[in-house]
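Spelled out from the first residue to the last, the chains are:
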Amino acid sequence: MNREPVKIIADILSREMNIPEERIFIYNDGRPLPKDEEIYIVLYVTSRPPYGAKTSYRDNDGILEEVQTLNVRENIIASIVSKDTTARTRSYEVQMALSSTYAQQVQEKYGCHISMIAPVRDMSFLEETARLNRFDTEVTILTVYEKVKPVDYYDSFKSQETYEQ
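All values derive from a computational prediction rather than experimental measurement. (Residues numbered from 1 in each chain as written. Predicted model: local features only at pLDDT ≥ 70, side-chain atom pairs only at ≥ 80, totals over all residues. Heavy atoms only, no water.)

Student: What should I look at first to understand the overall build of the protein in this one?
Tutor: The helix and strand inventory of the protein stands at four helices and six strands. The linear arrangement of helices and strands in the protein, starting from the amino end, is α-β-β-β-β-α-α-α-β-β. Among the 165 residues that make up the protein, the fraction classed as buried is 37%. Carbon and sulfur atoms make up 48% of the accessible area of the protein, which totals about 10,700 Å². (Helix = DSSP H or I, 4+ residues; strand = E, 2+ residues; numbered from the N terminus. Buried < 20%, exposed > 50% of the residue type's maximum accessible area, 1.4 Å probe, protein only. Areas by Shrake-Rupley, 256 points an atom, 1.4 Å probe, with all protein chains shown as cover.)

Shown next, in the form of structure tokens:
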């Protein structure tokens, strides 16, 4: 996998809901949220529990490499927000976007799986100050992270000192 799962979700939502990429925010990405009336989406990665880990080795042209893999279930909340009623009337589109043909193609491309889409929850009460309409959908995506690094052979360790008996 060479793409962050939350960015995969952002791409799918942007394309399938016809929302410009600049109106989809990843929590704490440093950009200010819009102050206009238009719809936008905020994605929160709430947890990343691992469910499997593996270490294996491979020979890469005479160089021994350690391959570490970690299978992870990422829980992401997609919050669709607007000052008018658009967030409420379009909240179902998040679920549709994540089960679309394009979503299937992206999952195949990046080797991940959107496994669970939870019901939409009205979370507008959390946005008291501006009385925004906010509807949250929790998404679970299964993915794998991989790290490859060379391993020293028994005869190639760098010794600092030599001891004689």
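From this point, the discussion proceeds with the structure in view.
Student: Looking at this structure, I do not really get the pattern of salt bridges. What am I missing?
Tutor: Side chains bearing opposite charge may pair, as long as their charged atoms lie close to each other. Scanning the entire structure with this criterion turns up 11 salt bridges. The salt bridge involving aspartate 36 is made with arginine 23; its shortest N-O contact spans 2.8 Å. With aspartate 36 in the loop between strand S1 (24-26) and strand S2 (40-47) and arginine 23 in the loop between helix H1 (5-17) and S1, the pair connects residues that are 13 residues apart, well separated along the chain. A relative accessible area of 16% means that arginine 23 is categorised as buried. The shortest N-O distance in the salt bridge between arginine 58 and glutamate 65 comes to 2.9 Å. (Salt bridge = Lys/Arg side-chain N within 4 Å of Asp/Glu carboxyl O.)

Student: Looking at this model, I keep getting lost on H1. Mind explaining?
Tutor: Residue pairs three or four apart in sequence face the same way in an α-helix, which turns once every 3.6 residues. Taking 1.5 Å as the rise per residue, H1 with 13 residues should run 18 Å; its terminal C-alpha atoms sit 18 Å apart, in good agreement. Burial analysis of H1 places 10 of its 13 residues in the buried class, which makes it a mostly covered element. Along H1, the residues that are buried comprise Pro5, Val6, Ile8, Ile9, Ala10, Asp11, Ile12, Leu13, Ser14 and Met17. (Expected span 1.5 Å × (residues − 1).)

Student: Looking at this model, I keep getting lost on unusual backbone geometry. Mind explaining?
Tutor: Trans peptide bonds make up most of the peptide bonds, and negative phi angles are found at most residues other than glycine. Backbone geometry at asparagine 18 places phi at a positive 55 degrees, although glycine is not the residue there. The residue asparagine 28 is not glycine, and still its phi comes out positive at about 65 degrees. Looking at the secondary structure, you find asparagine 28 in the loop between S1 and S2. With a relative accessible area of 67%, asparagine 28 lands in the exposed category.

Student: Would you mind going over the side chain of asparagine 133 with me for this structure?
Tutor: Note that asparagine 133 resides in strand S6 (residues 133-150). Given a relative accessible area of 16%, asparagine 133 falls into the buried group. At 2.6 Å, the side chain of asparagine 133 and the backbone oxygen of aspartate 84 are in polar contact. The contact partners of asparagine 133, leaving out residues within four places of it in the chain, are Ile80, Val81, Ser82, Lys83, Asp84, Thr85, Ala87 and Ser124. (Polar contact = N/O pair within 3.5 Å; in protein donor to acceptor, adjacent residues only side chain to side chain. Contact = heavy atoms within 4.5 Å.)

Student: How should I be thinking about the packing of aromatic side chains in this particular structure?
Tutor: Enumeration according to the criterion identifies two aromatic pairs in this entry. Here phenylalanine 25 and tyrosine 40 contribute two aromatic rings whose centre-to-centre distance is 6.0 Å and whose plane-to-plane angle is 85 degrees, an arrangement assigned as edge-to-face. Of this pair, phenylalanine 25 sits in strand S1 while tyrosine 40 sits in strand S2; the two residues are 15 residues apart in sequence, bridging distant segments of the chain. For the residue pair phenylalanine 25 and tyrosine 40, the accessibility class agrees, reading buried in each case. When the ring centre of tyrosine 102 is taken as origin, the NZ or CZ atom of arginine 15, which lies over that ring, is 4.1 Å away. (Phe/Tyr/Trp six-rings, centres within 6.5 Å; stacked < 30°, edge-to-face > 60°. Lys NZ or Arg CZ within 6 Å of the ring centre and 35° of its normal.)

Student: Please explain helix H4 (residues 101-110) as it appears in this structure.
Tutor: Looking at H4, one finds that the buried residues are Tyr102, Ala103, Val106, Gln107 and Tyr110. Down the axis of H4, the buried side of the element spans an arc of 140 degrees, and every buried residue falls inside it. Facing away from the buried surface of H4 by more than 90 degrees, the exposed residues are Thr101 and Glu108. Where H4 terminates, the next one or two residues include glycine 111, which has phi positive at roughly 65 degrees. (Arc of directions from axis to C-beta.)

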